[in-house]
Amino acid sequence: MVRWTAILAAFFVATFWAGLAQANCRLALVLALDVSSSVDANEYDLQRLGLAAALNAPDVRHAILQGGNGHVALAVYEWSGFNQQKLHLDWSLLRNHADIDQAVAILAKMSRSHDNFPTSVGQALGYGALVLKRAPDCRRQVIDVSGDGVNNHGYGPLAAYRNFPFDGVVVNGLVLLGESPNVADFYRNRILRGSGAFLIIANGFEEFKTAMTRKLFREINELAVGHLKHPNRTQGG
């Protein structure tokens, strides 16, 4: 009887602290990485290793662990065509350096899920909204979409915003300049969503690590310097 009482007590204590950790979450952040056919193998490695290095940057670590009241929860997926989305890091609470170390290791070892599909941004956003539905109960919800091209297959971002659960969700963008001349305008006018949404522009994948480091630092600290207001999208396709 004493043994079972001790087991039950330990269970309830663990449940209490797990619930408290979830309730004390300040940010649920989803990172969506472009792996469409326009991204070659070298660019993919720059993206994969750049993301891991950005999460591992001292300023980003400090922002995660000391930058606010509550934890940060992180999920990461790749996207390309209509049904080509791959979750590489499911929801992980970043409560200490060991949690960040584990996430960095997983991201550094990612294996590319697809390499010959088009750019379906609407589907990528819809997938991100469904990932957020499973997120811990955090005070802010943000999707961070990075890519080097405009939508060229399937429905677009505005249709995704009409048909998926985006209430209270902010969508930021990271544009990688290259062959697509209108990609920055596309992200700025079609993808950014919510109060405080912002866009970071990198001059090619060589700048991905630097751009992602700046972006994570800004998102995690909820910096609003020079931000734009993007209300819920209802028009267009």
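All values reported here derive from a predicted model rather than from experimental measurement.

Basis of the calculations
Residues numbered from 1 in each chain as written. Predicted model: local features only at pLDDT ≥ 70, side-chain atom pairs only at ≥ 80, totals over all residues. Heavy atoms only, no water. Helix = DSSP H or I, 4+ residues; strand = E, 2+ residues; numbered from the N terminus. Buried < 20%, exposed > 50% of the residue type's maximum accessible area, 1.4 Å probe, protein only. Disulfide = S-S within 2.5 Å. Phe/Tyr/Trp six-rings, centres within 6.5 Å; stacked < 30°, edge-to-face > 60°. Lys NZ or Arg CZ within 6 Å of the ring centre and 35° of its normal.

Asker: How should I be thinking about the environment of Leu-192 in this particular structure?
Answerer: Residue placement: Leu-192 occurs in the loop between helix H7 (183–191) and strand E6 (194–195). A relative accessible area of 1% places Leu-192 in the buried class. Sequence separation between Leu-192 and Ile-143 is 49 residues; the distance between their C-alpha atoms is 9.8 Å.

Asker: What is the right way to look at the state of the cysteines in this model?
Answerer: Each disulfide consists of one covalent bond between the sulfur atoms belonging to two cysteines. Tallying each qualifying case throughout the model produces 1 disulfide. A sulfur-sulfur distance of 2.0 Å marks the disulfide that ties Cys-25 to Cys-138. Its torsion about the S-S bond being 80°, the disulfide of Cys-25 and Cys-138 is classed as right-handed. Highlighted residues: Cys-25 in strand E1 (residues 25–34) and Cys-138 in strand E4 (residues 138–147), separated in sequence by 113 residues. Exposure remark for Cys-138: the relative accessible area of 11% places this residue in the buried category.

Asker: Which parts of the structure should I look at to understand the packing of aromatic side chains?
Answerer: Aromatic rings considered in pairs are described by the distance between their centres and by the relative angle of their planes. The full count for this structure, using the stated rule, is 3 aromatic pairs. Relative to Tyr-127, the ring of Tyr-77 has its centre 4.8 Å away and its plane inclined at 65°; by these criteria the two rings are edge-to-face. Here Tyr-77, found in strand E2 (residues 71–79), pairs with Tyr-127, found in helix H5 (residues 121–133); they are 50 residues apart in sequence, far enough to count as distant. The class of Tyr-77 is buried, set by a relative accessible area of 0%. With 4.8 Å between their ring centres and 90° between their planes, Tyr-161 and Phe-166 make a pair best called edge-to-face. This pair shows no difference in class: Tyr-161 is buried, exactly as Phe-166 is. Across from the ring centre of Phe-198, 3.9 Å away, lies the NZ or CZ of Arg-218, which sits over that ring.

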